[in-house]
Amino acid sequence: METTGDGAVRKGSLAEIARLFGRLGIVAFGGPAAHIAMMEDEFVVRRGWVTHEHFLDLVGATNLIPGPNSTEMTMHLGYERGGWPGLFTAGSCFILPAVTITAVLAWLYVTYGTLPEVEPFLYGIKPAVIAVIAGALWRLGRRAVTSWRLAVIGAAVVVAVLVGGGEATALIVGGVAGMLWLRWSGVAESRTAARWLPILFQDTTAVAAGAAAGAAATVSLWKLGLFFLKVGAILYGSGYVLVAFLEGGLVNDYGWLTQSQLLDAIAIGQFTPGPVLSTSTFIGYVISGMPGAVVATAGIFLPSFFFVLILNPIIPRLRESAWASAFLDAVNVAAVGLMLAVTIELSLVALTSWQAIAIAAVAAVLLIRFRLNAAWLVVGGAVVGWLLSLAA
């Protein structure tokens with residue numbers, strides 16, 4: 001097996017890359033933390049494609065660029081194994097199974113989602129989704145808020161979003177301003193990739209949104225594609241940060257869907273494996289059919305391919321940068337602020353009865369205390385919602 005100086009294995013067939021990452025895309029449930037753990041076992045321990053040290057470098061670097069961390073890890077590993085053709089092959093094959101499953105779920109949602117027979121399930125699922133988001137927020141917050149300055153940055157982002165500020169602006173300004181404050185105050189520390197790792201390993205799950213049928217006919221594919229291209233180019237932090245962008249853009253700005261529909265789509269996304277952003281396929285399909293699904297999917301994933309292609313060769317220098325470390329700290333806590341603001345807004349829609357509050361509370365305990373997989377929480381919420389409908 002031929003290796004490079006940094007421990008990476010460069011030679012491998014595209015067929016091998018396609019087969020392995022396609023299989024990973026089918027079984028990769030549980031969010032980015034689980035995905036990255038599977039990759040470490042498959043490509044470091046079992047196959048020796050990269051060393052443990054270089055794998056940690058790659059994981060750390062993914063949080064310096066926008067986009068889905070675990071999907072970008074597949075691209076990095078594909079690049080190490082097969083150069084730029086391997087990068088595009090690995091990323092595409094990891095994304096394809098989730099996109100296909102999500103398109104089927106979108107068709108089912110469009111066909112049956114508003115029927116009375118489905119509504120009891122969604123009634124129980126929505127509070128469970130709130131609990132899943134809250135659980136991810138709790139875990140991410142404990143790691144991101146490590147000083148009073150970072151707490152101030154996060155609180156400022158929460159306030160900015162709740163009073164009507166733009167999500168993208170709040171995230172970027174929070175990251176840049178926080179970086180400058182941390183560096184000038186002398187409290188930012190240089191991080192190695194090993195110290196970045198706990199921030200990255202968050203339990204994230206798929207998030208998406210559906211749109212109203214009346215609005216779908218008026219949506220331009222060009223406008224839809226540009227929206228998701230922008231999201232893919234600036235999305236930092238946990239996958240749940242995507243909820244903030246969807247709620248701010250598709251619900252508040254464009255009116256293509258309601259908050260209730262947003263929760264429906266997030267719930268449906270819990271059942272899919274693979275990258276969390278694949279639910280852009282769901283949004284695009286519901287809004288504009290199969291053309292919309294293709295445009296939305298391409299728009300949100302395309303930036304990651306090029307970010308990884310540019311970043312991979314310069315990772316050794318990035319991991320030592322104190323300024324990059326400070327920006328990472330600030331943008332993570334800004335992402336926590338976004339998540340908190342959106343969780344508050346969505347809770348006002350979903351938790352409208354004592355039954356819904358009880359479902360959310362039990363789901364939160366199962367998630368945080370017993371670490372139950374988010375997909376099982378959603379299934380349980382659906383069953384409870386159905387049982388409540390029978391008892392009514």
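To keep things clear, this report deals only with the structure shown in the data block. (Residues numbered from 1 in each chain as written. Predicted model: local features only at pLDDT ≥ 70, side-chain atom pairs only at ≥ 80, totals over all residues. Heavy atoms only, no water.)

1. Focus on the overall build of the chain
In step 1: In terms of regular secondary structure, the chain is built from 17 helices and zero strands.
In step 2: Evaluated residue by residue, the chain yields a buried proportion of 57% over its 392 residues.
In step 3: Considering only contacts within the chain whose residues lie at least 6 apart along the sequence, 81% involve residues at least 24 apart.
In step 4: Accessible surface for the chain amounts to roughly 15,500 Å². Of this, 69% is attributable to carbon and sulfur atoms. (Helix = DSSP H or I, 4+ residues; strand = E, 2+ residues; numbered from the N terminus. Buried < 20%, exposed > 50% of the residue type's maximum accessible area, 1.4 Å probe, protein only. Contact = heavy atoms within 4.5 Å. Areas by Shrake-Rupley, 256 points an atom, 1.4 Å probe, with all protein chains shown as cover.)

2. Brief notes about the packing of helix H10 (residues 221–234) against helix H11 (residues 241–253)
In step 1: Following both chains from N to C, one finds H10 and H11 inclined at 150°, their axes separated by 11 Å at the closest point. Accordingly, the angle class assigned to the pair H10 and H11 is roughly antiparallel. Helix-helix and strand crossings are classified by hand; for H10 and H11 the assignment is right-handed. On H11, the residues that touch Phe227, Phe228, Val231 and Ile234 of H10 are Leu242, Phe245, Leu246, Gly249 and Leu250. (Axes fitted to C-alpha atoms, helices over the stretch in contact; angles between N-to-C directions. Parallel < 35°, antiparallel > 145°, perpendicular 65-115°, else oblique. Left-handed = near helix turned anticlockwise from the far one by under 90°.)

3. Structural notes on the packing of aromatic side chains
In step 1: This model, assessed by the stated rule, comprises 11 aromatic pairs.
In step 2: Ring geometry for Phe43 versus Trp49: centroids 4.7 Å apart, planes at 35°, classification tilted.
In step 3: For Phe43, a relative accessible area of 1% puts it in the buried group.
In step 4: Residue Trp49 is classed as buried on the basis of its relative accessible area, which comes to 2%.
In step 5: For the ring pair Trp84 and Phe88, a centre distance of 6.3 Å and an interplane angle of 80° mean the geometry is edge-to-face. A residue pair is termed a helical-turn pair when its members lie 3 or 4 positions apart in one helix, as Trp84 and Phe88 do in helix H4 (residues 69–112) at four residues.
In step 6: Overall, Trp84 belongs to the exposed group, its relative accessible area being 56%.
In step 7: Through pairs of rings, three or more aromatic residues link up here, namely Trp84, Phe88, Phe305 and Phe306.
In step 8: The ring of Phe370 has Arg369 sitting right over it, with the charged end atom 5.3 Å from the ring centre. (Phe/Tyr/Trp six-rings, centres within 6.5 Å; stacked < 30°, edge-to-face > 60°. Lys NZ or Arg CZ within 6 Å of the ring centre and 35° of its normal.)

4. Overview of H4
In step 1: The first and last C-alpha atoms of H4 sit only 33 Å apart over 44 residues, clearly below the 64 Å expected at 1.5 Å per residue.
In step 2: Taking the largest bend as the criterion, H4 deviates by roughly 145°, centred on Gly82, and proline Pro85 comes between one and four positions later. (Expected span 1.5 Å × (residues − 1). Bend = angle between axes of the 7 residues up to and from the residue.)

5. Here's the deal with the pattern of salt bridges
In step 1: As enumerated under the stated definition, the model contains four salt bridges in all.
In step 2: Across the salt bridge formed by Glu42 and Arg23, the nearest N and O atoms sit 3.3 Å from each other. Separated by 19 residues along the polypeptide, Glu42 in helix H2 (residues 32–46) and Arg23 in helix H1 (residues 14–27) bring together distant segments of the chain.
In step 3: Given a relative accessible area of 10%, Glu42 falls into the buried group.
In step 4: Glu42 is the partner of Arg46 in a salt bridge, and the nearest nitrogen-oxygen pair spans 3.0 Å. Of this pair, Arg46 and Glu42 are both found in helix H2, four residues apart, which corresponds to roughly one turn of the helix.
In step 5: Here Arg46 falls in the exposed class, since its relative accessible area comes to 56%.
In step 6: It is possible to trace a salt-bridge network through shared partners that takes in Arg23, Glu42, Arg46 and Arg47. (Salt bridge = Lys/Arg side-chain N within 4 Å of Asp/Glu carboxyl O.)

6. What about the nonpolar core?
In step 1: Counting 91 residues, the largest nonpolar core has Phe21, Phe55, Phe228 and Leu346 as the members making the most contacts within it.
In step 2: Top element by residues in this core is helix H15 (residues 322–350). It accounts for 14 residues.
In step 3: Filtering out sequence-adjacent residues up to four positions away, Phe21 remains in contact with Phe43, Trp49, Thr74, Leu77, Gly78, Ala90, Cys93 and Phe94. (Core = buried A, V, L, I, M, F, W, Y, C linked by side-chain atoms within 4.5 Å.)

7. Points about a nonpolar patch on the surface
In step 1: Residues Phe121, Val362, Val365, Leu366, Phe370, Leu372, Trp376, Val379, Val383, Trp386, Leu387 and Leu390 make up a contiguous nonpolar surface patch of roughly 1,100 Å² in combined accessible area.
In step 2: Elements represented by at least two residues in the nonpolar patch include exactly helix H16 (354–368) and helix H17 (374–391).
In step 3: Top element by residues in the nonpolar patch is H17. It accounts for six residues.
In step 4: You can see Val379 is positioned in helix H17.
In step 5: Overall, the relative accessible area of 31% leaves Val379 in the partly exposed class. (Patch = residues over 30% accessible without salt bridge, like charges linked within 9 Å, V, L, I, M, F, W, Y side chains within 5 Å.)

8. Quick word on the packing of H1 against H4
In step 1: Axis separation between H1 and H4 bottoms out at 8 Å; the angle between their running directions is 40°. Comparing their axes, H4 and H1 come out oblique. Considering the relative orientation of H1 and H4, their crossing is right-handed. Two secondary-structure elements touch here, H1 through Leu14, Glu16, Ile17, Ala18, Phe21, Gly22, Leu24, Gly25 and Ile26 and H4 through Thr74, Leu77, Gly78, Arg81, Gly82, Pro85, Gly86, Thr89, Ala90, Cys93, Phe94 and Pro97.
In step 2: When its residues are assigned to classes, the contact of H1 with H4 shows 12 nonpolar, seven polar and two charged. (Nonpolar A, V, L, I, M, F, W, Y, C, P; charged D, E, K, R; others polar.)

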